[in-house]
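These are the residues of each chain, in order.
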Amino acid sequence: MDSLSHWVGGRAVPGTSGRVGPVFDPARGVQTREVALASAAEVSDVVKVARDASREWAIAPLSRRTSMLFKLRELIDSRRDDLARAITAEHGKVLTDAAGEVARGLDCVEFACGIPHLLKGAHSAEVSTGIDVHTVLHPVGVVAGITPFNFPVMVPLWMAANAVACGNAFVLKPSERDPSPSMLLASLFAEAGFPDGVFNVVHGDAEAVNALIEHPDVDAVSFVGSTPIARHVYETGTAHGKRVQALGGAKNHMVVLPDADLAGAADAAVSAAYGSAGERCMAISVVVAVGGAADPLLDAITSKIGDVIIGPGDQPESMMGPLITAAHRDRVRSYVRGAVGEGARVVVDGSASPVAGDGFYLGCSLLDGVEPGMKAYDDEIFGPVLSVVRVASLDDAIALVNANPYGNGVALFTRDGGAARRFEREIEVGMVGVNVPIPVPVAWHSFGGWKASIFGDTSIYGPEGIRFYTRQKVISTRWPDPSPSSLDLGFPTNR
Ligand code: NAD
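I will try to describe carefully the structure that is included in this document. Note that this is a predicted model, so its numbers are computed, not measured.

1. A look at the pairing of strand 16 (residues 365–368)
Burial along strand 16 is two-sided: the residues Ser365 and Leu367 and Leu366 and Asp368 are all buried. Two elements, strand 15 (residues 345–348) and strand 16, share three bridges in a ladder whose sense is antiparallel. In the strand pairing of strand 16, valine 346 is matched with leucine 367. In terms of strand pairing, strand 16 meets strand 17 (residues 385–391) through three bridges, oriented parallel. Each residue of the ladder has a partner; that of leucine 367, found in strand 17, is serine 387.

2. Digging into the site of the ligand
Looking at the ligand, there are 27 residues lining it, with Lys173, Glu176, Arg177, Ser226 and Glu380 nearest. Within the contact set of the ligand, an oxygen atom lies 2.7 Å away from a side-chain nitrogen or oxygen of glutamate 176. In the environment of the ligand, an oxygen atom lies 2.6 Å from a nitrogen or oxygen atom belonging to the side chain of serine 226. Taken by itself the ligand offers 840 Å² of open surface, and the protein chains cover 88% of this. Mapped by element, the contributors of at least two residues to the shell around the ligand are helix 8 (206–214) and strand 11 (220–224).

3. Details of helix 1 (residues 40–57)
The end-to-end C-alpha distance of helix 1, which contains 18 residues, comes to 25 Å, matching closely the 26 Å that a straight helix rising 1.5 Å per residue would cover. All of the buried residues along helix 1 are Glu42, Val43, Val46, Val47, Ala50, Arg51, Ala53, Ser54 and Trp57.

4. As for the sheet that holds strand 20 (residues 431–434)
Whether parallel or antiparallel, the strands of a sheet pair through hydrogen bonds between backbone atoms. A sheet is described by the order of its strands in space; here seven strands give the open sequence 15-16-17-14-13-19-20, paired in mixed fashion. Both edges of this open sheet fall to strand 15 and strand 20, since each of them pairs with a single strand only. On average, each strand axis in the sheet is inclined to that of its neighbour by 20°, with strand direction left out of account. As paired elements, strand 14 (residues 284–290) and strand 17 share five bridges and run parallel to each other. Residue pairing in the sheet places alanine 289 in a bridge with arginine 390 of strand 17.

What counts and how
Residues numbered from 1 in each chain as written. Predicted model: local features only at pLDDT ≥ 70, side-chain atom pairs only at ≥ 80, totals over all residues. Heavy atoms only, no water. Buried < 20%, exposed > 50% of the residue type's maximum accessible area, 1.4 Å probe, protein only. Helix = DSSP H or I, 4+ residues; strand = E, 2+ residues; numbered from the N terminus. Pairing = 2+ DSSP bridges. Near = heavy atom within 4 Å. Polar contact = N/O pair within 3.5 Å; in protein donor to acceptor, adjacent residues only side chain to side chain. Areas by Shrake-Rupley, 256 points an atom, 1.4 Å probe, with all protein chains shown as cover. Expected span 1.5 Å × (residues − 1). Axes fitted to C-alpha atoms, helices over the stretch in contact; angles between N-to-C directions.

Below you can see the structure in the form of structure tokens.
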């Protein structure tokens, strides 16, 4: 069976730990390859290669870095289809979703192409007599990026584009469940001319992650994944003296007021809840129906669910693919099967597989009468299950969202500007959409939730990414005004 190697110092390096993990085609339920799982000693070898590369890379001229980033941009653009196919083969999402993911990752490379401008420090002249002050942004050194399964190209690019642009060496530890796209990315970094050791990939599981977050030569850690692991990475990494940004899980609400365009809101709810089989950190998992919006909205969502075509991600007619593993499918299914016992109503039951064969499929499920305290509400399900919570007023909707421990994304659907303005001000969530169901910030803003959706104080990519991947140095300089004698340039003065 094909065994996936690490990528270290500009080439593929087979694993030596003797441990491997299975990689599946979720659409067919078959194992397609295995991936090496690094030991702590192998992680240490990769970090050493990155540390060595970081010394010269830190002082590489900005013009050289920029030309490589532009080249990387061209290469990713020309290999969009290959990247999308690599995602679909191991993640299972449909090709159009995979292509969208590549496009959003490319946005981050395009942002990083502006690095000469982004790294300009500030300068204050004459802060006191003869004294100037300026700031310089230095790279931090070696950055580890630990990424989740659900965006195997986009999330690594959220991190790596800015990290290397700032002059750091990068070690990616991708999800062991869909590790192949990261190897294609690594080959594109090499082809773009990045020196060996500037972009590395080490595959693995908890052992590799723990080795990275404890390693004395890793300076910064960017993590994206579930909340319990984000908390662990943040606490362990910071205890070992690193700067850490750790983005966690989510429970995203979509509040719909009675004055909203309900047909449009239903369309948005269906694509935001069931797109990528609900395996998006910005997926809508709760519709909060306010007052009279509930019944017509529920009817509209129910009828649109019937239009969702479920099948292999590589088939052009498919709109939703399988889940990532059989175990995850079974876990998601348990929320639908347990909902009635908790007092909810199953309006659409997608718990049976709608596709013949061994693929990890579920249908779309819709639950009504869900409330806090039920597992379907309290847990991040991360699958194609949409819950409806009915509330009486906008006040109740805001209170419900603010009481939730997560604070990643939220959306409001309304035609009332005053209500939208109030919602925007009072809601305790990091990314807010008004008539936009999935408000993922563009690459020149930054991405990050609040509360249990993030640990650390810096969001990811955009300007906050540049801040995270650099250390600021402030230099105060005193040069006395030249005395007349020091202006003597050696010309005769007694003319
Ligand atoms: P996960 O937390 O299981 O895994 C993320 C990474 O952590 C992987 O690289 C994995 O190998 C590693 N890991 C897993 N268990 C570990 C352990 N015990 N110790 C150390 N490392 C460990 O997440 P996932 O299932 O791959 O991805 C889905 C989750 O990611 C969801 O909760 C989703 O909301 C979240 N997510 C969040 C964002 C965001 O921006 N906030 C974006 C995408 C995904």
